[in-house]
Amino acid sequence: MLNIVIFGAPGSGKGTQSEMIVEKYGINHISTGDVLRAEIKNGTELGKTAKGYIDQGQLIPDELMIDILASTLDSFKDRKGVIFDGFPRTIAQADALKAMLAERNEEVSIMLDLDVPEEELMTRLIKRGIEAGRADDNEETIKKRLLVYHSQTAPLIDWYKQDGKYQHIKGYGVLAEIFADVCKAIDKVK
Ligand code: ATP
Ligand code: MG
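Here goes a summary of the coordinates provided.

Conventions used here
- Residues numbered from 1 in each chain as written.
- Chains lettered and ligands numbered in written order.
- Predicted model: local features only at pLDDT ≥ 70, side-chain atom pairs only at ≥ 80, totals over all residues.
- Heavy atoms only, no water.
- Helix = DSSP H or I, 4+ residues; strand = E, 2+ residues; numbered from the N terminus.
- Contact = heavy atoms within 4.5 Å.
- Core = buried A, V, L, I, M, F, W, Y, C linked by side-chain atoms within 4.5 Å.
- Buried < 20%, exposed > 50% of the residue type's maximum accessible area, 1.4 Å probe, protein only.
- 1 Å grid on protein atoms, 1.4 Å probe; cavity = no way out; pocket = protein on both sides within 12 Å on 5 of 7 lines; lining within 4 Å.
- Points joined across faces, edges and corners; volume = space filled by probe spheres on them.
- Nonpolar A, V, L, I, M, F, W, Y, C, P; charged D, E, K, R; others polar.
- Axes fitted to C-alpha atoms, helices over the stretch in contact; angles between N-to-C directions.
- Parallel < 35°, antiparallel > 145°, perpendicular 65-115°, else oblique.
- Left-handed = near helix turned anticlockwise from the far one by under 90°.

**Let's talk about the environment of Q167**
- Tracing the chain through its elements places Q167 in strand β5 (residues 166-170).
- Considering only alpha carbons, one finds Q167 and M111, 56 residues apart in sequence, at a separation of 5.9 Å.
- Non-local contacts of Q167, meaning those with residues more than four positions away in its chain, are made with I110, M111, L112, D113, A185 and K188.

**With respect to the nonpolar core**
- Core analysis: the biggest nonpolar cluster contains 36 residues, and V5, F84, L97 and Y160 have the highest contact counts within it.
- Mapped onto this core, the elements with two or more residues apiece are β1 (2-8), α3 (45-55), α4 (62-75), β3 (81-85), α5 (91-103), α6 (118-132), α7 (139-153) and α8 (156-162).
- With residues up to four places along the chain from it excluded, the contact list for V5 reads F84, F87, P88, L97, V108, I110, M111, L112 and Y160.
- By size, the runner-up hydrophobic cluster in this structure holds 17 residues, among which are L2, L114, I178 and C183.

**As for the layout of surface pockets**
- The space that makes up the largest pocket amounts to roughly 1,100 Å³.
- Contributing to the lining of the largest pocket are 46 residues, with G11, K14, R37, R128 and R134 lying nearest its centre.
- Contributing elements (two or more residues each) for the lining of the largest pocket: α1 (14-25), β2 (28-31), α2 (32-41), α6, α7 and α9 (175-189).
- Residue classes in the lining of the largest pocket are distributed as 14 nonpolar, 19 polar and 13 charged.
- Computed from the structure, the second largest pocket encloses a volume of approximately 180 Å³.
- Lining of the second largest pocket is provided by R37, I40, K41, K51, I54, D55, G133, R134, A135 and D136.
- Residues that form the lining of the second largest pocket fall into these classes: three nonpolar, one polar and six charged.

**Here we look at the packing of α6 against α7**
- Put simply, α6 and α7 touch, their axes get as near as 10 Å, and they point 135 degrees apart. Here α6 lies oblique to α7, going by the angle between them. Where α6 crosses over α7, the handedness of that crossing is right-handed. On α7, the residues touching E118, L121, M122, L125, I126 and R128 of α6 are E139, I142, K143, R145, L146 and H150.
- Classifying every residue of the contact of α6 with α7 by side-chain character gives six nonpolar, one polar and five charged.

**Some thoughts on empty space enclosed by the protein**
- Under the defined criterion, the tally for this structure stands at one cavity of 30 Å³ or more.
- Looking at the largest cavity, its volume works out to about 50 Å³.
- Forming the walls of the largest cavity are I6, F7, G8, K14, G86, F87, P88, R89 and T153.
- With three residues, the single largest contributor to the lining of the largest cavity is β1.
- Looking at the lining of the largest cavity, its residues break down into four nonpolar, three polar and two charged.

So, to be careful, I would describe these as geometric facts and stop short of saying anything about function.
Rendered as structure tokens:
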């Protein structure tokens, strides 16, 4: 079972790399951001709750997020593995993921940390806001999300180092080169 955590600040390219990984390795993909945006689009109760947090650049509460993750994971039949994109984002979520996988006699194979300089993140997200119209990709909300990333999410770097799963990836430059580094790291643990 190949279980990959793709990690990085907002705009670091988690979604882009995930799509390429899914294509090459044939594993399932969970993007918590995509799940929440679909709920918002469908106007569900969950969507209404999520929108309040996302528009403020804040994280959705852990308990809610962990429930969503567990039910998405169980919806996959005969899976070869999963790429976790946008989860975990807090220490509590990382603890929950570890427990959830352990219950199924599995573990995280590798955590890939897409490292991108902050100015580049800003540029990418502002561009995405204009092109894709994502409501949280405006300068004010982006700044809040980066603060949330540094305070609540970046501590996971040390968490995964201690867990022996951490792999740094240079996340800017030529897209194909980033993906080549990603594949090299995955092939070592596959
Ligand atoms: P990227 O551009 O690298 O895909 P991102 O941070 O721009 O990353 P998403 O992962 O799509 O975007 O997340 C968008 C928003 O959804 C977050 O700002 C947050 O409010 C909410 N969210 C997504 N995943 C989680 C999570 N695991 N825990 C709490 N909130 C989450
Ligand atoms: Mg994404």
